[in-house]
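So you can see what is in the structure, the chains are spelled out below.
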Amino acid sequence: MTEKEKVVLAYSGGLDTSICIKWLMDEHNLDVIAVIGEVGQEHEGLEAIRQKALRTGAIEAYVVDMREEFVNEYLTDAIRANALYENKYPLLSALSRPVISKHLVRIAHEHGAKYIAHGCTGKGNDQVRFETSVWLLDPSIKIIAPVREWPFKTRPEEIEWAAEHGVEVPVTNAKPYSIDDNLWGRAIECGVLEDPWNEPPEDIYTMTGSPEAAPDKPEYVEIGFDGGIPVSLDGKDMSYIDIIYKLNEIAGRNGYGRLDMIENRLVGVKSRECYEQPAALALITAHKALEDMCLEREVLHYKLGIEQKWAEVVYYGQWFAPLKMALDGFINATQEHVTGTVRVKFYKGNCTVVGRRSDYSVYDYALATYDKEDSFDHEASAGFIELFALPAKTWAQNRQLNADK
Ligand code: ARG
């Protein structure tokens, strides 16, 4: 008997990716290696999921703890870029796909597998991110997306096929939402959320309490940054990953970090998405406040455009592409002295910056003050405005001359 070809599957333990295992075996005649990425998602034990993959027929199954790498190689870039897609969404899924893809490719190489498979639908962004990331790392790998090719339209159809083919169906009633989560937050879509007029029900959220029920007393936190990366909380040195865990807790209990938006997917569809990203949004808010203080004006202004492009490129799945690296070149050059402390106040769904300080501050009290210490040259302004306004003034003069024509 000749050995079968191998496929490495991004496995979550849910119904779709469980059916994927059997589908790849039966319809593609492949040996399946399942990979479960630990990226800080909610779960009730990844070892149990690994066992389930093996029971379903995978020849090998791995749990890979990607958390440190995710934080120290991906969320570092994200915070320095103040990454917000469409100026709102801090990109949680778009950030985890490349790190998962990297491990899929590594494991494919280790096993001599020619194929990589994922359980994404044909309508979302995640398929684009997995496939683009994999191809940027190894363009010779072939992709299989069973969910895109199988005929099932509804969950009951999937369950029927699963039962006929000996695939375990989760006993709990499936949640009426599609959820993706990791350390950077949680994305919730589908179900009643598909009507954009419906207010998100309280039960979609697990990382954040409701702002209405949040404590009546504000909670203050001091976030320290070094070179644009979070390094301390309330004066205590902490790793970036611990800061994220801790801030998810603090911001979450104060009802901060929820988003409800209509978003433009790469595949052309507008979708209604709800997110909760307490630590991510708090850190970006604080980081921006420190940049306001430390970056020279022209760099700050130019960076705003670069940030928007960065978020779009990453949202589009181009993490390993040359444009992303080139944009990082600019961003990293701005961050060396984004070092200092920002004080934020959480209160009933808000995160407000209430203080900032830095040895690299370009805020100059003597220039800014209206008090007697004022060192600003007021007289210099007259000549400055004359030249600055010259083009506009010349235009206005011309229009005045022609007013009667
Ligand atoms: N719309 C978000 C994005 O594209 C979240 C995707 C969440 N994925 C999921 N399978 N529910 O980044």
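First things first, this report covers the structure right here in the doc. Bear in mind the structure is a predicted one, so any value in this text is a computation, not a measurement. (Residues numbered from 1 in each chain as written. Predicted model: local features only at pLDDT ≥ 70, side-chain atom pairs only at ≥ 80, totals over all residues. Heavy atoms only, no water.)

Re the environment of Lys405
Piece 1. Structurally, Lys405 is set in the segment after helix 14 (390-401).
Piece 2. A relative accessible area of 83% means that Lys405 is categorised as exposed.
Piece 3. Among the polar contacts listed, one links the side chain of Lys405 to the side chain of Asn402, at a separation of 2.8 Å. (Helix = DSSP H or I, 4+ residues; strand = E, 2+ residues; numbered from the N terminus. Buried < 20%, exposed > 50% of the residue type's maximum accessible area, 1.4 Å probe, protein only. Polar contact = N/O pair within 3.5 Å; in protein donor to acceptor, adjacent residues only side chain to side chain.)

Focus on the sheet that holds strand 10 (residues 236-237)
Sheets are built from strands that pair by backbone hydrogen bonding, the pairs being arranged parallel or antiparallel.
Piece 1. Pairing is antiparallel in the open sheet, where five strands are placed in the order 10-9-8-13-14. Across the chains shown, the open sheet's two edge strands, defined by having one partner strand only, are strand 10 and strand 14 (350-357).
Piece 2. Bridge count between strand 9 (residues 229-233) and strand 10: two bridges; the pairing is antiparallel. What sits directly across from Leu233, in strand 10, is Lys236. (Pairing = 2+ DSSP bridges.)

Quick word on helix 5 (residues 126-137)
Side chains that are three or four residues apart share a direction in an α-helix, a result of its 3.6 residues per turn.
Piece 1. For helix 5, built from 12 residues, the straight-helix expectation of 16 Å at 1.5 Å per residue is met to within 8% by its first-to-last C-alpha distance of 17 Å.
Piece 2. Counting buried positions along helix 5 yields nine of 12 residues, so the element is predominantly enclosed.
Piece 3. What helix 5 keeps buried is the set Asp126, Gln127, Val128, Arg129, Phe130, Glu131, Thr132, Ser133 and Val134.
Piece 4. Looking at the buried residues of helix 5, the elements they touch are strand 1 (6-10), helix 4 (92-111), strand 4 (115-117), strand 5 (142-144), helix 6 (146-149) and helix 10 (297-315). (Expected span 1.5 Å × (residues − 1). Contact = heavy atoms within 4.5 Å.)

A short note on a nonpolar patch on the surface
Piece 1. Residues Phe384, Ile385 and Phe388 make up a contiguous nonpolar surface patch of roughly 370 Å² in combined accessible area.
Piece 2. Inspection of the secondary structure puts Phe388 in helix 13 (residues 380-388).
Piece 3. Given a relative accessible area of 63%, Phe388 falls into the exposed group. (Patch = residues over 30% accessible without salt bridge, like charges linked within 9 Å, V, L, I, M, F, W, Y side chains within 5 Å. Areas by Shrake-Rupley, 256 points an atom, 1.4 Å probe, with all protein chains shown as cover. Salt bridge = Lys/Arg side-chain N within 4 Å of Asp/Glu carboxyl O.)

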